[in-house]
Amino acid sequence: MCSKKPKSLKEALNDKLSPEKLKLVPRSWDIVGDIAILDIPIQLDDEKELIGNTLLNTFKPIRVVVNKLSEVKTEYRTRKFEIIAGEDRTETIYREYECRYKLDIEGAYFSPRLGTERIRIANQVKADERVLVMFAGIGFYPVLIAKKSNAEVYGIELNPVAFGYMEENIRLNKVSVTPIQGDVRKKTSDLGKFDRVVMPLPKDAENFLDISLPALKDDGIIHFYDFARNGEETTKKVEKICLELGYETKILDVVRCGSYSPALSRFCTDFMIYRPI
Ligand SMILES: C[S@@+](CC[C@H](N)C(=O)[O-])C[C@H]1O[C@@H](n2cnc3c(N)ncnc32)[C@H](O)[C@@H]1O
C-alpha cells in the first residue's frame, strides 16, 4: 500500500499536532540551496524538532532545516539561526540564473527573493560599461552582471566573511570582477568614474549618495534601494538628497521589488543626475 505524499507542511503534521498548534505552523519557508529556513512562532517552541524533521523527511532535496532567531539588523545585515533538523551546517550552494553562489546563511546577508530584481539590473548593463556594486555581499550582483555582459565590474564589501565568499563566487563562476574589501566611504574615490552604480543597502543607502554621485560619469545611472511606503516617497527622498548635494535628478524607473513589513516595501529607483546650469 502506498501513502500519498503530503502537499504542505501542515498536511504532513496533521496527525502529529493539536488543531490549535497546527494553525500556527508556517505555510511557507525560504529555500537557499539545500537549506530550508523557517520562522516558527514562539508558541511552537516545544515542537521545533518535530516540525524540522517532518519538513526534512517530506521534501527530499532539503538537507538542513533552520529556524530564524533574529531580525536582519547588524551593520553586516546578518541574522542568527538555529539548526533544528538535518546536517550541522549553515553553508550551502545556491543557484540563480546560470550562476552558482557559495554562502553561509549566518555569516553573510543573502536573499533568495531578489533574483528577479538582480536580473532586471543585469539585463540593463552594456558590454563596454564600468559598473560599481556597492554593498556587494557575497557577490550576487557583480557575478551576475559580469556573467551577462562584458562590463568592467567592481564590488565593494565591508564584511570579511561575505567578501571571502564573493572572491570564491567570482572563481566559481569564472567571471571577471574586481572585489574590494572595505568601506565604500573609503574605497570608492580611488576607482574613477562609473557608467552605473548599484546601491543595494535599503535602510542606509541615502547616507552614501554623497559618495556615489561624484563617482558617476555624465549620463551614468544609479540604482538606489530603499524601504518606503510607496514609490513616490522614495523618489522624493532621492530628489531631495540629490538637490542638497547639488544635483538635479532624472528618474528613469521606480520598481517595487519586495516587502519589508506590512507597511514598508523595498523599492529600487533608477535615476540619472545632472548639475543645474
Ligand atoms: C543588504 S546587504 C546586500 C548584499 C548584496 N548586495 C545582496 O544583494 O545580497 C548589504 C551589504 O552591505 C555591506 N555593507 C554595509 N555597510 C557597508 C559599507 N559602509 N561599505 C561596504 N559594504 C557595506 C554589509 O556587510 C552587507 O553585506
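What you see is a predicted model, and the numbers here were worked out from it, not measured in a lab.

All right, on to unusual backbone geometry then. In this model, Arg77 sits at a positive phi of 60°, which is unusual for a non-glycine residue. Mapping Arg77 onto the fold places it in the loop between strand E3 (64–68) and strand E4 (81–86). Although it is not a glycine, Lys174 sits at a positive phi angle of roughly 50°. Counting through the fold element by element, Lys174 comes out in the loop between helix H6 (160–172) and strand E9 (177–181). A relative accessible area of 75% means that Lys174 is categorised as exposed.

A separate point is helix H5 (residues 140–148). Along an α-helix, residues three or four apart share an orientation, since each turn contains 3.6 residues. Taken across its 9 residues, H5 has 7 buried, putting it largely inside the fold. Along H5, the positions that sit buried rather than exposed are Phe140, Tyr141, Pro142, Val143, Leu144, Ile145 and Ala146.

Quick look at a positive patch on the surface now. A cluster of basic side chains, namely Arg95, Arg100, Lys147 and Lys174, defines a positive patch on the protein surface. Note that Arg95 resides in strand E5 (residues 91–96).

Annotation of the protein at the domain level lists domain 1 (14–89) and domain 2 (109–274). For domain 1 versus domain 2, the separation of C-alpha centres amounts to 31 Å. Taken together, the contacts link 10 residues of domain 1 with 10 residues of domain 2. Counting the surface lost from both domain 1 and domain 2, the interface buries some 890 Å², and carbon and sulfur atoms represent 61% of this. In terms of surface lost to domain 2, no three residues of domain 1 exceed Asp30, Tyr76 and Arg77, which account for 61% of the buried area on that side. Salt-bridge contacts for Arg77 lead to Asp204; the nearest nitrogen and oxygen are separated by 2.6 Å. For the pair domain 1 and domain 2, the interface holds 2 residue pairs in polar contact (both at pLDDT 80 or more). The greatest single-element share of the side of domain 1 that touches domain 2, amounting to 3 residues, is contributed by strand E1 (residues 30–32). For the side of domain 1 that touches domain 2, the class distribution of residues is 6 nonpolar, 1 polar and 3 charged.

What counts as what
Residues numbered from 1 in each chain as written. Predicted model: local features only at pLDDT ≥ 70, side-chain atom pairs only at ≥ 80, totals over all residues. Heavy atoms only, no water. Helix = DSSP H or I, 4+ residues; strand = E, 2+ residues; numbered from the N terminus. Buried < 20%, exposed > 50% of the residue type's maximum accessible area, 1.4 Å probe, protein only. Patch = residues over 30% accessible without salt bridge, like charges linked within 9 Å, V, L, I, M, F, W, Y side chains within 5 Å. Areas by Shrake-Rupley, 256 points an atom, 1.4 Å probe, with all protein chains shown as cover. Salt bridge = Lys/Arg side-chain N within 4 Å of Asp/Glu carboxyl O. Lys, Arg positive; Asp, Glu negative; His and termini not counted. Charge placed at Lys NZ, Arg CZ, Asp CG, Glu CD. Domains from an automatic or database assignment. Contact = heavy atoms within 4.5 Å. Buried area = accessible area lost by both parts, 1.4 Å probe. Polar contact = N/O pair within 3.5 Å; in protein donor to acceptor, adjacent residues only side chain to side chain. Nonpolar A, V, L, I, M, F, W, Y, C, P; charged D, E, K, R; others polar.

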